[in-house]
Amino acid sequence: MSQRLQTGGRLIDRSKEVTFTFNHTRYKGYAGDTLASALLGAGKSLLGRSFKYHRARGLVASGVEEPNVLVNLGKGDRLEPDQRATTTELFDGAVASSQNHWPTLAFDVGAINDYAYRMLPAGFYYKTFMLSTWAWHKVFEPVVRQAAGLGAAPTKADADRYEQAYAYCDVLVAGGGVAGLMAALKAAAEGKRVLVAEQTAHWGGRAPVDGGEIEGMAPEAWVKKTLEALGKMDNVRLMTRTMVAGLHDHGYAILYERVGDHVPDEGRPRHRLWRVRAGLTKVASGAIERPLAFAGNDVPGVMLASAVRDYIVNWAVSPGKEIVVVTNNDDAYRTALCALDAGMKVVAVLDAREWAHGPLVEAVKARGVRVLEGHAVSKVRGKSGVVAVEICHQDSTGSVLEVLGCDCVAMSGGWSPVVHLYSHSGGKVMWDEAGAMFRPDPARPPVGDKGQPIAEVVGAANGALTLSALCAEAGVAGGAEEENPITPVWIMPAKAGNDLKFKAFLDYQNDVKVSDVQLAAREGYASVEHTKRYTTLGMATDQGKLSNINGLAILSDALGQAIPQTGTTTFRPPYTPISFGAVTGEARGDIFQPLRKTPMHGWHEAHGVHWEPVGLWRRPYTYPRKGEGHRDSVNREIVNTRTNVGLLDASTLGKIVVKGPDAGKFLDMMYTNMMSTLPVGKCRYGLMCSDNGFLIDDGVVVRLAEDTWLCHTTSGGADHIHGHMEDWLQCEWWDWKVYTANLTEQYAQIAVVGPKARKLLEKLGGMDVSKEGMPFMTFKDGELAGFPVRVYRISFSGELSYEIAVPANMGLALWEKLHEAGAEFGVMPYGTEALHVMRAEKGFIMIGDETDGTVIPQDLNLGWAISKKKEDFLGKRAQMRTHMADPDRWKLVGLETLDGTVLPDGVYAVDEGVNENNQRNVQGRVTSTYYSPTLKKGIAMGLVKHGPERMGEVLDFPADNGVVLQARIVDPVFYDKAGEKADV
Amino acid sequence: MLTLTCPCCGVTVEETELAPGGEAHLKRFGPGSTDEEFETYMFARKNPKGVHFERWRHAYGCGKWFLTARCTATLEVFGSYPAQTTEPPAELIAKIKEKRPGWEGYK
Amino acid sequence: MSKAVSALNGQSHTGFATVTEAGLKGMVSLRADLSSKALAKALKALGLTVPAQRAIVTEGARSVAWMSPDELLVLCGYEEAAQVTADLEKALAKDHALVTNVSDARAMFTVSGAKGDEVLMKLCPIDFETLEAGEMRRSRAAQVAAAVWRSGPQELSVICFRSVAGYMMGLLEVSSRKGGEIY
């Protein structure tokens with residue numbers, strides 16, 4: 001049984017006790033503990049259930065590679081599932097619970113799967129679910145949905161805050177172990193801007209645990225001295241709890257900083273996602289120890305040899321009382337020595353190598369420990385904890401030679417360099433036969449914007465697995481005990497039969513065993529990427545940190561090929577999972593996305609507005625009064641505007657000034673109409689097409705002066721159209737003298753609309769707004785009620801109408817003044833829906849309703865707005881193409897249902913016969929449809945084949961539920977056909 | 001995510017400040033052109049694995065369009081230059097030829 | 001013109017830095033040939049000089065910033081902006097130039113305090129360690145366009161469009177909250 005040792009623990013502070021709960025039971029730990037070390041110190045070794053077989057699981061590792069012990073952490077609005085106990089720093093009041101079991105961790109019904117393992121081989125689900133769709137929907141999916149997932153999904157909004165930050169450096173050092181610190185020191189001494197990121201809370205990596213000497217000092221002392229030196233340099237930033245999650249194109253690195261996880265009540269942001277641009281990334285990400293694949297290697301108490309050392313040295317926790325070490329290399333002997341020093345009994349060291357010598361081996365032997373060369377674990381005994389190991393010869397089928405009682409097994413299959421960051425943006429790895437590992441190929445690095453390498457790898461990540469090798473690589477004096485070569489061991493024992501291989505785990509989290517990978521190979525999965533997906537090897541949240549190399553070695557063996565031929569799967573960012581909160585950053589709630597507000601936004605809100613999103617703007621849709629539905633209020637607004645006077649906030653309308661000697665020529669290219677001939681002081685409705693011929697925007701163009709025009713665009717189109725103009729000016733006609741400026745936000749614009757509009761403006765006073773003084777389709781600059789304004793006589797409703805532009809900062813004051821002065825005329829605000837209905841009553845088109853990117857002006861009977869005189873304009877050539885000139889193109893008409901009801905939006909008019917897909921032929925569709933309170937019936941606009949030639953014909957529009965609506969083709973101008981009301 | 005240098009305001013910026021504009025150095029064909037010419041101008045685009053000339057707008061910065069030469073396979077950027085030209089600068093072409101001896105040229 | 005109210009009417013928040021909407025500001029956009037003599041003369045009349053690429057020149061209460069190779073932005077008092085616009089227009093009447101009063105189209109903010117940089121580091125892809133006084137960077141703050149410069153000791157100024165002033169204030173407020181200090 002695991003327990004806390006009386007002394008030691010370099011990372012814990014015994015003076016600070018910390019209380020936490022796990023599965024509703026209270027435990028104590030110390031400041032500096034991880035959740036894993038505290039649980040282990042409290043004697044808890046059964047900490048989870050595996051995903052597929054629900055086998056009892058405990059800690060295998062001590063860091064990011066831990067596959068088993070994922071917990072639900074926190075509660076309520078701070079619950080987060082799948083948190084790795086080994087990387088969770090303990091804090092007072094932490095609440096954790098185990099996952100994937102029912103009803104309890106100790107007694108789990110799902111464990112029945114473990115007895116059924118022969119029936120749940122690799123690809124079981126794929127094979128089974130192919131049976132029938134009926135079986136999938138009725139049987140499998142409900143069962144799978146019940147069983148799927150590890151932790152519990154939170155049901156409340158996250159209470160924490162998250163943020164992102166940008167940083168720039170010459171050298172980013174990924175990893176704060178000895179190799180990383182050496183690289184940082186070197187770059188800093190060269191005057192580079194250096195950023196050092198260490199994923200844990202502590203510097204020095206493995207060296208303080210593993211020992212040795214650097215520049216005459218113990219590693220811990222050297223690390224301290226180096227940190228002090230780096231800390232004094234202005235060009236160095238040191239960051240702990242910060243993982244380099246990914247290295248991307250052009251040296252773009254994503255760093256994940258856990259700012260507040262360990263101090264949840266200090267008001268800090270929980271996580272910060274760093275977006276770093278690094279000239280060069282020094283990858284010092286270390287190496288991860290590999291498990292050995294023997295039967296029962298997942299029983300709680302079987303751990304990586306390095307993890308056993310970490311728990312003892314860092315947190316003064318002994319994972320057991322009696323330990324068996326099983327290895328294929330010298331490094332694991334350090335664990336034996338460390339365990340002896342901590343007072344544990346080392347029952348034996350099983351060394352799979354036939355020949356084990358060297359200083360570390362001798363040191364262990366000298367302390368009276370049995371070292372059995374050429375030996376292996378045949379099988380671990382125990383279910384919820386190790387009871388004993390059955391031992392055998394490595395070169396055997398597993399015949400048991402002896403049974404050794406123990407409660408902890410420390411295993412080491414060698415080390416795999418962490419090559420992830422080097423690989424993320426294209427760096428390649430190569431197989432190192434002597435070290436039995438993939439390591440970065442320095443000849444094929446990831447490259448940056450100048451074709452230069454953007455990553456270099458140092459230390460264990462580069463295959464320099466010993467302190468001696470690492471120091472030699474960095475040119476620093478230092479080293480540790482000499483080590484003899486590793487002998488690769490991929491299956492233990494080498495000739496293990498099925499009974500053993502069925503329980504020899506490769507991927508702990510996804511329960512993938514040696515037998516599964518071999519089965520995949522027999523079934524024809526030759527590609528490692530396919531095998532991965534078929535068996536789910538390496539697809540869990542640990543992304544195969546422990547399992548990948550063992551898995552592909554076994555696949556290679558099964559396929560009878562060398563490991564480099566099989567290759568690796570793709571290393572993808574992030575290196576370990578990062579929170580959604582960090583990815584989201586500040587973009588949530590009110591600032592999820594920019595909300596554009598007009599100067600009158602607050603007034604609308606205070607007057608019960610119902611909003612309509614238009615691009616990023618919010619525009620008033622309608623202003624319902626108490627007891628009114630939206631339809632009622634829209635009707636009221638329309639009737640009032642057509643009878644009295646209505647006010648519309650039109651500030652969102654695009655307003656682009658175009659000026660210069662060539663401005664007229666330019667606008668003649670931009671618009672289908674002739675704009676160069678527009679007299680100063682006049683307004684003209686214009687159409688804009690893309691050079692592909694399609695209608696993209698419309699609006700009123702005003703000639704402000706001889707060389708200056710003001711172009712109004714749609715609300716959603718302002719930025720796009722301004723960009724469109726600048727594109728042509730900068731990239732095609734750069735010798736034309738034209739300047740543009742987007743003044744959309746400079747002005748608040750208010751439409752004053754209705755028969756009493758003139759009376760209202762006359763009451764404000766200051767300008768002649770009479771028919772003679774300001775005729776229809778003209779404009780004037782002046783003052784109204786003391787406001788500096790520009791007034792346009794334009795109408796989108798068919799009524800007498802003035803659009804008043806006023807500097808935005810005065811928009812609200814003028815809007816309020818109009819309401820105040822207009823009370824006696826029955827003034828009311830109206831929203832976009834009333835605007836839409838009124839324009840439809842007048843047969844005016846709306847970009848986005850009548851157009852959808854495939855409609856040309858000719859389709860909308862707007863031929864009158866297309867100049868015949870101009871040699872060229874954007875879209876002219878395209879509109880000459882055969883399909884554009886086709887007389888069969890659908891054209892705009894009005895539609896009126898026979899019974900006065902409202903047609904559904906977007907419905908199609910059917911034609912005789914069917915097409916090649918056996919669908920009914922169609923001959924038209926509805927583009928706009930409304931109830932008209934003015935005409936007291938449904939009105940619609942639509943595009944119909946030969947429509948304008950078919951006035952009076954009745955078309956069938958099949959709607960939902962088998963209903964067929966009938967509508968007659970009519971003139972699209974439903975209201976005031978002569979246009980007399982606007983021009984008064 | 002790419003970094004490109006805007007030749008108009010002289011800063012090296014990340015892609016989030018930029019808007020892409022597709023292939024550079026297209027020749028516009030208007031009225032009077034053949035269907036084939038118009039089709040080529042409007043629709044035919046190169047899609048090379050290797051050197052490519054592109055339009056970018058420094059949308060969040062100075063608002064100006066500029067052109068770049070970039071390798072679509074390695075993302076190496078050979079250079080950027082103002083948009084007011086019908087063909088890439090000679091020195092840029094020379095630089096690319098030096099770095100990519102097998103390159104067939106920009107046309 | 002007492003009827004004029006800036007987008008957020010001077011709203012302010014204090015966390016580890018103070019973020020403030022700077023109220024009404026005069027801003028005049030000027031598009032012209034930046035090497036023209038008339039332009040230099042017109043700016044001289046305002047007490048200013050033509051700024052170099054990305055530079056912002058300040059003299060007294062007025063500044064002029066380089067926006068693009070053919071665009072400058074004059075910053076002045078809100079009340080005088082209309083006159084400045086008219087004067088510049090007159091001075092450049094013979095040149096091909098476009099002068100527009102954009103005082104109402106934008107909002108300005110200040111971020112002040114010793115850790116002011118850290119607020120904007122969270123929002124803008126700008127290397128603040130290399131942003132010198134006298135340089136203006138046009139970039140973005142989270143999802144909107146923004147121009148940023150050092151407007152005083154321990155003070156940065158930010159300009160964005162008026163319609164997104166509320167969004168900008170939201171960004172600045174959350175980024176300057178206590179506990180969010182970076183270094």
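Before any of the text, the structure's been laid out above.
Along each chain, numbering runs from 1 in the same order as the chain's sequence is written. Here chains are named by letter from A upward and ligands by number from 1 upward, in the order in which they appear as written. A pLDDT threshold of at least 70 governs which residues receive local features in this predicted model, and a stricter bar of 80 or more applies before side-chain atom pairs are shown or counted, although totals over entire chains, interfaces and linings include all residues. The basis for every side-chain value is the complete set of non-hydrogen atoms in the structure, without hydrogens or water.

Draft legend 1. Expanded view of the overall build of chain B. A run of H or I in DSSP becomes a helix once it reaches four residues, and a run of E becomes a strand once it reaches two; helices and strands are each numbered from the N terminus. Helix and strand content of chain B: two helices and six strands. The order of helices and strands in chain B, counted from the N terminus, is β-β-β-α-β-β-β-α. By the compact-globule yardstick of 13 Å for 107 residues, chain B fits well, its C-alpha radius of gyration being 15 Å. Taken along the three principal axes of its C-alpha coordinates, chain B extends 40 × 35 × 25 Å. Computation of the radius of gyration draws on C-alpha atoms alone. For the globule rule, the value is 2.2 Å times the number of residues to the power 0.38.

Draft legend 2. Quick look at the sheet that holds strand 1 (residues 12–14) of chain C. Residue and element names in this part refer to chain C. Think of it this way: DSSP has to see at least two bridges between two strands before they count as a pair. Taken together, the six strands give an open sheet; going across it, the order is 1-2-8-11-10-9, and neighbouring strands pair in antiparallel fashion. Of all the strands in the sheet, the pair left with one neighbour each is strand 1 and strand 9 (136–141). Neighbour-to-neighbour, the strand axes of this sheet turn through a mean angle of 20 degrees, independent of strand direction. Relative to strand 2 (residues 18–21), strand 1 is paired through three bridges, and the arrangement is antiparallel. Among the inter-strand pairings, Thr 14 is bridged to a residue of strand 2, identified as Thr 18. It only takes one pair of heavy atoms within 4.5 Å for two residues to be counted as in contact. The axes used here are C-alpha line fits, helices contributing only the stretch in contact, and every angle between their N-to-C directions lies in the interval 0 to 180 degrees. With respect to the sheet, helix 4 (residues 165–175) is in contact with strand 1, strand 2, strand 8 (106–112), strand 9, strand 10 (144–152) and strand 11 (155–161), its orientation differing from that of strand 8 by roughly 10 degrees.

Draft legend 3. Helix 20 (residues 630–643) of chain A, seen in detail. Residue and element names in this part refer to chain A. For helix 20, spanning 14 residues, the distance from its first C-alpha to its last is 20 Å, which sits close to the expected 20 Å at 1.5 Å a residue. Those residues of helix 20 not exposed but buried are Ser 633, Val 634, Asn 635, Arg 636, Glu 637, Ile 638, Asn 640, Thr 641 and Arg 642. Where helix 20 is buried, its residues contact strand 34 (617–622), strand 35 (645–649), strand 41 (747–753), strand 45 (827–829), helix 25 (832–841) and strand 48 (920–932). In this analysis, the expected span of each helix is defined as 1.5 Å times one less than the number of residues it contains. Buried, partly exposed and exposed residues are distinguished by accessible area as a fraction of the type maximum, computed with a 1.4 Å probe on protein chains only: under 20%, between the cut-offs, and over 50%, respectively.

Draft legend 4. Layout of the interface of chain C and chain A. Contact residues are listed per partner, giving 49 residues for chain C and 46 residues for chain A. Accessible area, probed at 1.4 Å, shrinks when two parts are joined; the buried area is that loss added up over both. Overall, the association of chain C and chain A removes approximately 4,000 Å² of surface from exposure, summing both partners, and the carbon and sulfur fraction of that is 54%. Salt bridges are defined as contacts in which a side-chain nitrogen from Lys or Arg sits within 4 Å of a carboxyl oxygen from Asp or Glu. Across the chain C-chain A interface, the total number found is five salt bridges. With its nearest N and O atoms 3.7 Å apart, the salt bridge here joins Arg 237 of chain A to Glu 129 of chain C. Two N or O atoms count as a polar contact when they lie within 3.5 Å, although within protein this holds only if one can serve as hydrogen donor and the other as acceptor, and sequence-adjacent residues are included solely when both atoms are side-chain atoms. For the pair chain C and chain A, the interface holds 32 residue pairs in polar contact (both at pLDDT 80 or more). Going through the elements one at a time, strand 7 (98–101) and helix 4 of chain C are the ones with two or more residues in the side of chain C that touches chain A. With four residues, helix 4 of chain C is the single largest residue contributor to the side of chain C that touches chain A. Its residues placed into classes, the side of chain C that touches chain A shows 25 nonpolar, eleven polar and 13 charged. Lys, Arg, Asp and Glu make up the charged group, whereas Ala, Val, Leu, Ile, Met, Phe, Trp, Tyr, Cys and Pro make up the nonpolar group; the residues left over, Gly among them, are polar.

Draft legend 5. A look at the interface of chain B and chain A. If you look at the interface, chain B gives 31 residues, while chain A gives 32 residues. Overall, the association of chain B and chain A removes approximately 2,500 Å² of surface from exposure, summing both partners, and the carbon and sulfur fraction of that is 49%. Per-residue buried area on chain B facing chain A is highest for Met 1, Arg 28 and Pro 31 of chain B; these three make up 26% of the total on that side. Linking chain B with chain A are four salt bridges, by the criterion used here. When the shortest N-O distance is used, the salt bridge between Asp 691 of chain A and Arg 28 of chain B registers 2.7 Å. Secondary structure elements with two or more residues in the side of chain B that touches chain A: helix 1 (35–42) and strand 4 (51–57) of chain B. Counting residues per element, the side of chain B that touches chain A draws most heavily on helix 1 of chain B, at four residues. A per-class count over the side of chain B that touches chain A returns twelve nonpolar, eleven polar and eight charged.

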